[in-house]
Amino acid sequence: MQGQACGCLGNTFYLLGNYSKALFYYRKRLVLAQRTGDQVAERRAYSNLALCHALLGQFEEASDYWKKFLHVAIEQGDTAAQGQAYYCLGNNNSIMANYQKAAEYYNRHLSIAQKLGDKVGEGRAYWMLSNVYSNWGQLHKALEYARKFHSLAIEMEDTVATAAAKMMINDIGNFLGIDSQCPEETTPSVPKSQFIRERRNSCTTTAARPEHPPPPQNNWVSEPRLPEELPEEPGLGHLKPKSHNFSDSNMSHSLLSVQTGMTGHTF
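Residue indices begin from 1 for each chain and proceed along its sequence in written order. Only residues with pLDDT of at least 70 are given local features in this predicted model, and only at 80 or more are side-chain atom pairs given and counted; all residues enter the totals for whole chains, interfaces and linings. Only hydrogens and water are set aside; all other atoms, that is, all heavy atoms of the structure, feed into the side-chain values.

Regarding the overall build of the protein chain
Thought 1: Comment: elements are numbered from the N terminus, with helices defined as DSSP H or I runs of at least four residues and strands as E runs of at least two. Across its full length, the protein chain holds 11 helices and 0 strands.
Thought 2: Counting helices and strands in the order they occur from the N terminus, the protein chain gives α-α-α-α-α-α-α-α-α-α-α.
Thought 3: Only protein chains enter the accessibility calculation, which uses a 1.4 Å probe. A residue is then buried if its area is under 20% of the maximum for its type, exposed if over 50%, and partly exposed in between. Looking at the protein chain as a whole, 52% of its 267 residues are labelled buried.
Thought 4: Here a residue-residue contact requires only that any non-hydrogen atoms of the pair lie within 4.5 Å. The contacts in the protein chain between residues at least 6 apart in sequence include a share of 64% that link residues at least 24 apart.
Thought 5: Methods summary: accessible areas were calculated by the Shrake-Rupley approach with a probe of 1.4 Å, and residue burial reflects only the protein chains presented. Roughly 12400 Å² of accessible area belongs to the protein chain as shown, and the carbon and sulfur atoms make up 52% of that amount.

Regarding the packing of aromatic side chains
Thought 1: Only rings of Phe, Tyr and Trp enter the pairing, Trp through its six-membered ring, and a pair is recorded when the two centres are within 6.5 Å. The plane angle decides the type: under 30 degrees is stacked, over 60 is edge-to-face, the rest tilted. Taken as a whole and judged by the stated rule, the model has 11 aromatic pairs.
Thought 2: Geometrically, the ring pair formed by tyrosine 133 and tryptophan 136 is stacked, given 5.7 Å between the ring centres and 15° between the ring planes. With a gap of 3 residues between them, tyrosine 133 and tryptophan 136 both fall in helix H7 (residues 119–136), about one helical turn apart.
Thought 3: On the basis of an interplanar angle of 0° and a centroid distance of 5.7 Å, the ring pair of tyrosine 133 and tyrosine 145 is categorised as stacked. You can see tyrosine 133 sitting in helix H7 and its partner tyrosine 145 sitting in helix H8 (residues 139–155), a full 12 residues away along the chain. Residues tyrosine 133 and tyrosine 145 agree in their burial class; the two are buried.
Thought 4: Chaining the aromatic ring pairs together yields one cluster made of Tyr126, Tyr133, Trp136 and Tyr145.
Thought 5: Whether a charge lies above a ring is judged from NZ of Lys or CZ of Arg, which has to be within 6 Å of the ring centre and within 35 degrees of the ring normal. Over the ring of phenylalanine 24 we find lysine 21; its NZ or CZ atom is 5.7 Å from the centre of that ring.
Thought 6: Directly above the ring of tyrosine 133 sits lysine 141, whose terminal nitrogen or CZ lies 5.5 Å from the centroid.

Comments concerning the confidence of the model for the protein chain
Thought 1: pLDDT is a per-residue confidence score from the predictor, ranging from 0 to 100. Looking at the protein chain, the pLDDT average stands at 76 and 67% of residues meet or exceed 70.
Thought 2: Element-level mean pLDDT values for the protein chain span from 32 in helix H11 (residues 257–260) up to 97 in helix H6 (residues 99–116).
Thought 3: Low pLDDT, under 50, characterises residues 207–244; the stretch is placed with 117 contacts to residues that sit more than four places away or in other chains.

Thoughts on the nonpolar core
One recurring pattern in soluble globular proteins is that nonpolar side chains are buried together.
Thought 1: Buried Ala, Val, Leu, Ile, Met, Phe, Trp, Tyr and Cys residues form a nonpolar core when they are joined through side-chain atoms within 4.5 Å. Counting 29 residues, the largest nonpolar core has Tyr106, Leu129 and Ile172 as the members making the most contacts within it.
Thought 2: Every element with two or more residues in this core is listed here: H6, H7, H8 and helix H9 (159–176).
Thought 3: Counting residues in each nonpolar core, the second largest holds 28 residues, with Tyr26, Ala50, Trp66 and Leu70 among its members.

Looking at the pattern of salt bridges
Close approach of charged atoms allows side chains of opposite charge to pair.
Thought 1: Salt-bridge detection follows one rule: a side-chain nitrogen of Lys or Arg within 4 Å of a carboxyl oxygen of Asp or Glu. Under the counting rule described, the total for this entry stands at 6 salt bridges.
Thought 2: With a closest N to O distance of 4.0 Å, lysine 119 and glutamate 122 form a salt bridge. Placement of the pair is lysine 119 and glutamate 122 together in helix H7, with a separation of 3 residues, close to one helical turn.
Thought 3: Looking at lysine 119, the relative accessible area reads 35%, which means it is partly exposed.

Quick look at the environment of alanine 103
Thought 1: Structurally, alanine 103 can be placed in helix H6.
Thought 2: For alanine 103, a relative accessible area of 3% gives the class buried.
Thought 3: Considering only alpha carbons, one finds alanine 103 and asparagine 93, 10 residues apart in sequence, at a separation of 8.8 Å.
Thought 4: When residues no more than four places from it in sequence are discounted, the contact partners of alanine 103 are Leu129, Val132, Tyr133 and Trp136.

Describing the environment of glycine 10
Thought 1: Structurally, glycine 10 can be placed in helix H1 (residues 2–15).
Thought 2: On the basis of relative accessible area, glycine 10 is assigned to the buried category, the value being 0%.
Thought 3: A C-alpha to C-alpha distance of 7.2 Å links glycine 10 and lysine 21, two positions 11 residues apart in sequence.
Thought 4: Not counting residues within four places of it along the chain, the set of residues in contact with glycine 10 comprises Ala22, Tyr25 and Tyr26.

Take a look at the structure:
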């Protein structure tokens, strides 16, 4: 009970935007989880601590906690959670302009998403890799991943992602001075809304969350997956509505979205 109380207090301060106070209670939650050998609570505490540090701009500390989260996920044999950790580590390193490291993490996430058949996670990996390589100055690699993202967006009949991909491809192509025309996509015969309803969330980048009051829209990292039956003390970190495809706010910008994306829906 004491551990759950600390977790819920952390959640409350998190939603109020008092991340320093939330950290205080999440650290207490972590100690109690480790003391009782509760790896589920321990893993959730690591993710919440990582998210709070990221929101405070402390990305090194956030990365340290995601690595601890990853270690527990490996011990538990949870492949999807490992993919989530790699994705978030890629995000943190991208923000810190550690593009080589970010690309390594995104590629690990991509490998797991493909292994699990997670098309949404695969698409997000392609998008982030295109952004990372663009900011790194490796525009031919950026174009390669942007085209992969575009192809997958057409396959999934995601019109928003397809438009974002075309913008990305055109921007990179113009910068390189090459023709980068995208293949024409066909309009789906089934209404878009039906495809959205059938699309599941990415198991390697997002997870379903319990209902809670709408918090500030300033978090772009994705949180770890939770068990099917949520405990009384929910984890936090999912600050956006549940996404059924990979065309979220991060994917509606051009190739400079990561480089200039420190405003709007990012930190």
